[in-house]
Amino acid sequence: MARDRCGYVASADDDRTDAVTTDWSLVYAQAQAELARGETTCAIATLEPAQSDHDAPLAVVRLLASVLRGLRRDRDARPVLERLTRLQPGSPVAEHNLAAALGDMGDAIAAEAAARRAQSKGGDAPETWLVLGRALIAQSRLDEAEAALRQAVARRPGYVDALRDLAQLIWMRTGDPSSAVTPVDQALAASSADAGLMALKSSILLDIDNPERAYAALDPGLMASHPAVALAATAAASEIDPALALRHAEAAFRAAPGDARAANALSAAEIAASRAEDSLARLEAVIAARPLDQYALALRNVAWRITGDDRALSQGDYARLCVPLSLGLTDEALGRVAPALDRLHPFTAQPLGQSIRSGVQAALDPRHADDPAIDAVFAALETPVGRYIADMAGQQDPMSRRAGSGQEIIGAWSVRLTAGGRHSDHIHPEGWVSSALYITTPEVDATDPKAGWLRFGAVRLGVGLELPAEYWIEPRPGIVALFPSWMWHGTEPFQSQGTRLTIAFDVQPR
C-alpha cells in the first residue's frame, strides 16, 4: 500500500474512480478530516471521483460543491451544482445555490432563470430575492431589480446585504444620499440597536455624505465593544481626527484580536497617527497568517516607506511591476468598443465603497459580455496579460511568487469619467494582478501634463497621512496597464474635454 501526499491510502488493485469499489463513507470522512486540517486541495482530490461517478451519494456531491464554492472556483462548481438540481428536482435550495454561483460567475441571465426556478419550487427566501435582484441589475433591468431587493428586505427587514444593495442601487440611480439611506433608516427604526445596520448606515454616509454624519450614526456604547461598530467608528474618525481613529481601532482590535480586518485597521490608524514603527510587527503577523492579504501588504510598504526601510518600493520596482502593454487591436476594432461600453452605463453615480469620484461604473464579465467588440477585447488581452505574468515569474516580490500556474480574469468592470473625474488612491483586496485598459482618453491639457494619468504610490489614510505619488503611466487608447493588486494606485484628476473610458479587471492564478 502507498500513501500519496494528501494521505490517501491506495493498494495495487485500487481504482479511485471505480464506482463499484469506491467506499463513499470513507471518502466523505477523509475529505471532512482534510477540510478540518485546512487541506482544501487534498479534500478536492479526495472528492474528485464524485465528478464522474453518477452513483456518488448526495452528501458527497454537496460537499464537493461547497468546497469549490468556498474557493471561488465557480466555473468548476457549476456542473456539480447543476447535477445537484437534477438529483433534487423539487429542491428550491439546490436551484438557489446554482443561481448564487451563476451570479458570482457573471452569467446574469442564467442566474435569473435559476432564481426564478427556485421560487417556482416554493423558495421564497430573502437570499433568493437578493440573488435575483443582483442578476437583474447586471442586465440593467433596474426597476425590476429594485422591486426584487425590496422583496428581500420585506422578508427580512434587517438583512444587511440586501439593504446595502438596495441603498447602492438607489444611490447610483439618483445620486441622492438621503434617498439612498432611507431603507436603512427604516430598518433601524424597527431595530435601533442592531450593530450591523448601524455600521452599514455609517459606511454609506461616509462614502456619499460626510464623516461627521457617519460618526454620529454610531452608538457610543457599542463603539468600545462591538467589532463592526468599532471598525465603522475607526473609518469615520479617520476623516475627523487621527487620534480618535486610533482609539477606536484599538477598541476594535481588543474586541476581535484574531480578525485580520481589525488588525489592519489598527495598523492603518497607527501609521496615520505617526506610529508606523508600531504597526510593522502586527502587519508581519497578519501576512504570515494570510500571505495573500493585499491590504496588509500595501500597509507594510507604506510603513517601510515612512520609516526609511530599504525594502520599500524603489523606482526600479515600479518600472518592473507597473507595465503598459499594447492590446494589439486595430484602431477600427478599438473604435467599436466605446459604443458597446456606453450601452452598459445606465447609472448617474458610482457604486458604494469604490474609488470613483465624479464618474460611473458598470459590471462587465468577459465570459458573458455578448458583444463582439467587447469579446474581441478580452480575447486580445490574453497575450499582454500572459506576457506580463511570464515576465514576473522567478522574482520574489509578493505578486511574482504566485506566477507560473496559469491565470484567469475573475472580475471586470467599465469606468467612465468626464471632466473633474478621478479615482482616489486604493488597492484591490480580491485581486492578484490588476489593470486599466484605455479605450478613450480626454484631450491633453498643456497646462497639466499628467492630468488623467494613472499614478502609483500616492496614499491617503484619512486626514492623518497623505503621501505623494512615486510613479506614473500615461493613458493612451489601446494600452493596458498591469500592476500588482496590492499596490496603491489612483488617477490624477483632469479638467479637459473628452471622456476617460476604461475597462478594468482583476486576475487570479488558476
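Heads up: these notes are all about the structure in this document.

Examining empty space enclosed by the protein
Moving on, step 1. Under the defined criterion, the tally for this structure stands at one cavity of 30 Å³ or more.
Moving on, step 2. Size it by volume and the largest cavity reaches roughly 40 Å³.
Moving on, step 3. As for the largest cavity, its lining consists of N301, V302, R305, L313, Y318, G457, V459, W486, M487 and W488.
Moving on, step 4. Here the lining of the largest cavity gets three residues from one element, more than from any other, and that element is helix α19 (residues 294-307).
Moving on, step 5. Tallied by class, residues from the lining of the largest cavity come to seven nonpolar, two polar and one charged.

Description of the layout of surface pockets
Moving on, step 1. The calculated volume of the second largest pocket comes to roughly 360 Å³.
Moving on, step 2. Together, 15 residues line the second largest pocket, and F378, E382, E408, I409 and R510 are the ones closest to its centre.
Moving on, step 3. A per-element tally of the lining of the second largest pocket places helix α23 (residues 372-392) first, with seven residues.
Moving on, step 4. Its residues placed into classes, the lining of the second largest pocket shows seven nonpolar, two polar and six charged.

Comments concerning the nonpolar core
Moving on, step 1. Ranked by internal contacts, the top residues of the largest apolar core, which has 72 residues, are Y388, I439, F456, L461, I503 and F505.
Moving on, step 2. Ranked by residue count, the leading element in this core is α23, at 10 residues.
Moving on, step 3. Setting aside its immediate chain neighbours within four residues, I439 contacts L334, V337, A338, L341, P477, L501, T502 and I503.
Moving on, step 4. Core analysis: the next-biggest nonpolar cluster, separate from the first, contains 67 residues, A77, V131, L149 and L197 among them.

What to know about helix α17 (residues 260-272)
Helical geometry note: an α-helix holds 3.6 residues per turn, so side chains three or four residues apart project in the same direction.
Moving on, step 1. In a regular helix each residue adds 1.5 Å, so 13 residues correspond to 18 Å; α17 covers 18 Å between its end C-alpha atoms and thus fits that length.
Moving on, step 2. Considered for burial, the residues of α17 that qualify are A260, A262, A263, N264, A265, L266, S267, A268, A269, E270, I271 and A272.
Moving on, step 3. Next to the buried residues of α17 lie α15 (227-237), α16 (242-255), α18 (276-289) and α19.
Moving on, step 4. The backbone nitrogen of R261 has a side-chain oxygen 2.8 Å away, supplied by the residue at the start of α17, namely D259.
Moving on, step 5. Positive backbone phi, at 65°, marks S274, one or two positions downstream of α17.

Brief notes about the environment of R282
Moving on, step 1. By the secondary structure assignment, R282 is in helix α18.
Moving on, step 2. The class of R282 is buried, set by a relative accessible area of 19%.
Moving on, step 3. Non-local contacts of R282, meaning those with residues more than four positions away in its chain, are made with F253, A263, L266, S267 and E270.

Reading the values: rules and limits
Residues numbered from 1 in each chain as written. Predicted model: local features only at pLDDT ≥ 70, side-chain atom pairs only at ≥ 80, totals over all residues. Heavy atoms only, no water. 1 Å grid on protein atoms, 1.4 Å probe; cavity = no way out; pocket = protein on both sides within 12 Å on 5 of 7 lines; lining within 4 Å. Points joined across faces, edges and corners; volume = space filled by probe spheres on them. Helix = DSSP H or I, 4+ residues; strand = E, 2+ residues; numbered from the N terminus. Nonpolar A, V, L, I, M, F, W, Y, C, P; charged D, E, K, R; others polar. Core = buried A, V, L, I, M, F, W, Y, C linked by side-chain atoms within 4.5 Å. Buried < 20%, exposed > 50% of the residue type's maximum accessible area, 1.4 Å probe, protein only. Contact = heavy atoms within 4.5 Å. Expected span 1.5 Å × (residues − 1). Polar contact = N/O pair within 3.5 Å; in protein donor to acceptor, adjacent residues only side chain to side chain.

What is shown is where atoms sit, not what they do.
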